[in-house]
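Chains, contacts and geometry: an overview
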Amino acid sequence: MTIIPPGSTIGILGGGQLGRMIAIAAAQLGYRTHIYAPEMSGPAADVSPRWTQGAYEDADALAAFADSVDVVTYEFENIDPSAVEVLATHGLVRPGAQALRVAQDRLAEKRFVCDLGGLTAPFAPVESLDDLEEAIDQIGSKAILKTNRMGYDGKGQARLQEPGDAIGAWNAIGRQSAILEGFVTFAEEFSVILVRGANGDIRFWDSAANVHKDGILDTSTVPAGALIESQLPEARALASKVANALDYVGVLTLEFFASADGPVFNEMAPRVHNSGHWTIEGALTSQFENHVRAICGLPLGDTGLAAAKVEMHNLIGEQANDWQQLLSDPANHLHLYGKHEARSGRKMGHVTRLTL
């Protein structure tokens, strides 16, 4: 097993808030970081000493970046897997490209999980309006049409309530390759976040109960409550199967619906996750530190709770301007991402509150 010692440089694809928090955790462990992203700057620039602006399609720039670092990871999944393959020919990349291939394609993702025995919403591929109408006949008209690739935080989706909504939904997503998913009746939503080391060791954090508003995560709370906790063994078993099947190294997130039929898989993210931000103060080892530990081949840290109750609240748009009021409560831990424009629907930061 390859060990990347402290003092080495970690390359991070993407320079958003997740890259920022990975870089902070890396610095605590004595690592340097180097960001590669198409943008000139971003939230991670405040804390990472090096930033290379380059396209993910630029093989020469990627090769030069790979040669300047000791291991490469990524902060988001919408990167062409071929870019990761280029990097892998020059050095160590964790997680690998296969995790991106599965997570980027909603149809492939659903089939992958079903093959591992997971329960998903009923689904059907859609490549045309005729396909959509056939899928509605098969699944029912109460469904969600999602673009097969890209899209997050509610983007690239259209809800249907009756058969007549088909053409409007098809137009709303841009008449592109899609998947129709039947509605799932559920009581709560939760995430299973794990870290898998290069030696195959897997550890789980407590699962948070997640509440979304307008398709964006609003709060994550642990403990999650009796219903979610009763479904964790089955959900964690599936998450372990996914991680092992992908020979995954790093932090992996699977999102679930808690239903009367058990945990229903929604989607996966091959990275650190918004619903795990509470772990920075609320767990003995955060998701960001353990991601760094895993990709560098270090022993994994304890994922146990550091408080009796933890609640993370996202700060969306203008909510971040309430920083003074938030800091007036000594129980709050405020994280602002350094973004310059507080647009509607934009994640500007988060606040975590611990009850000891």
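Preceding this section is the structure that the text describes.
Moving on to the sheet that holds strand β3 (residues 50-53). Taken in spatial order, the four strands of this open sheet run β3-β2-β1-β4, and their pairing is parallel. Unpaired on one side and paired on the other, β3 and β4 (71-74) mark the two borders of the sheet. The average undirected angle you get between the axes of adjacent strands in this sheet is 25 degrees. Two elements, strand β1 (residues 9-13) and β4, share four bridges in a ladder whose sense is parallel. Across the sheet, I10 pairs through a bridge with V71, a residue of β4.

A few words on the side chain of S259. Mapped onto the fold, S259 is located in strand β13 (residues 250-259). In this structure the side chain of S259 is engaged in a polar contact, spanning 2.7 Å, whose partner is the backbone oxygen of G262. With residues up to four places along the chain from it excluded, the contact list for S259 reads T185, F186, Q231 and V264.

All right, on to the pattern of salt bridges then. A side chain of one charge can pair with a side chain of the opposite charge when the charged atoms of the two come close. Within the structure shown, the criterion is met by twelve salt bridges. Between R271 and E77 there is a salt bridge; the shortest N-O distance is 2.5 Å. Highlighted residues: R271 in the loop between β14 (262-269) and α9 (279-282) and E77 in the loop between β4 and α3 (81-88), separated in sequence by 194 residues. Using a relative accessible area of 14% as the deciding quantity, one classes R271 as buried. By relative accessible area, which is 14% here, E77 ends up buried. A salt bridge links D105 to R149; its shortest N-O distance comes to 4.0 Å. Of this pair, D105 sits in the loop between α4 (97-104) and α5 (106-115) while R149 sits in the loop between β6 (143-147) and β7 (157-160), placing them 44 residues apart in sequence. Classification of D105 by relative accessible area gives buried; the value is 19%. R149 gets classed as partly exposed once you look at its relative accessible area, which sits at 41%.

Before going further, it helps to examine the environment of R343. Mapped onto the fold, R343 is located in the loop between β16 (332-336) and β17 (347-355). A relative accessible area of 42% places R343 in the partly exposed class. Along the backbone, R343 and E85 are 258 residues apart, and their C-alpha atoms lie at a distance of 35 Å.

Quick look at a negative patch on the surface now. Taken together, E57, D58, D60 and D80 make up a surface patch of like negative charges. With respect to the helices and strands, the residue D80 is situated in the loop between β4 and α3.

Here helix α8 (residues 226-245) is 20 residues long and its end C-alpha atoms lie 30 Å apart, about the 28 Å a rise of 1.5 Å per residue gives. Along its length, α8 shows its largest kink, about 45 degrees, at L232, and proline P233 lies within four residues downstream of that point. Regarding α8, the residues found buried are I228, Q231, L232, A235, L238, A239, S240, V242 and A243. Elements in contact with the buried residues of α8: α5, β9 (188-196), β10 (202-204), β11 (209-213), β13 and β14. At the exit of α8 stands D247, carrying a positive phi of roughly 50 degrees.

Moving on, we get to unusual backbone geometry. A cis amide bond links R94 with the next residue in sequence, P95, at an omega value of -5 degrees. Note that P95 resides in the loop between α3 and α4. The omega angle of the peptide bond from V222 to P223 is -5 degrees, so this bond is cis rather than trans. Structurally, the position occupied by P223 is in the loop between β12 (216-222) and α8. A positive phi angle, close to 50 degrees, is found at D247, a residue other than glycine.

The rules behind these values
- Residues numbered from 1 in each chain as written.
- Predicted model: local features only at pLDDT ≥ 70, side-chain atom pairs only at ≥ 80, totals over all residues.
- Heavy atoms only, no water.
- Pairing = 2+ DSSP bridges.
- Helix = DSSP H or I, 4+ residues; strand = E, 2+ residues; numbered from the N terminus.
- Axes fitted to C-alpha atoms, helices over the stretch in contact; angles between N-to-C directions.
- Polar contact = N/O pair within 3.5 Å; in protein donor to acceptor, adjacent residues only side chain to side chain.
- Contact = heavy atoms within 4.5 Å.
- Salt bridge = Lys/Arg side-chain N within 4 Å of Asp/Glu carboxyl O.
- Buried < 20%, exposed > 50% of the residue type's maximum accessible area, 1.4 Å probe, protein only.
- Patch = residues over 30% accessible without salt bridge, like charges linked within 9 Å, V, L, I, M, F, W, Y side chains within 5 Å.
- Areas by Shrake-Rupley, 256 points an atom, 1.4 Å probe, with all protein chains shown as cover.
- Lys, Arg positive; Asp, Glu negative; His and termini not counted.
- Charge placed at Lys NZ, Arg CZ, Asp CG, Glu CD.
- Expected span 1.5 Å × (residues − 1).
- Bend = angle between axes of the 7 residues up to and from the residue.

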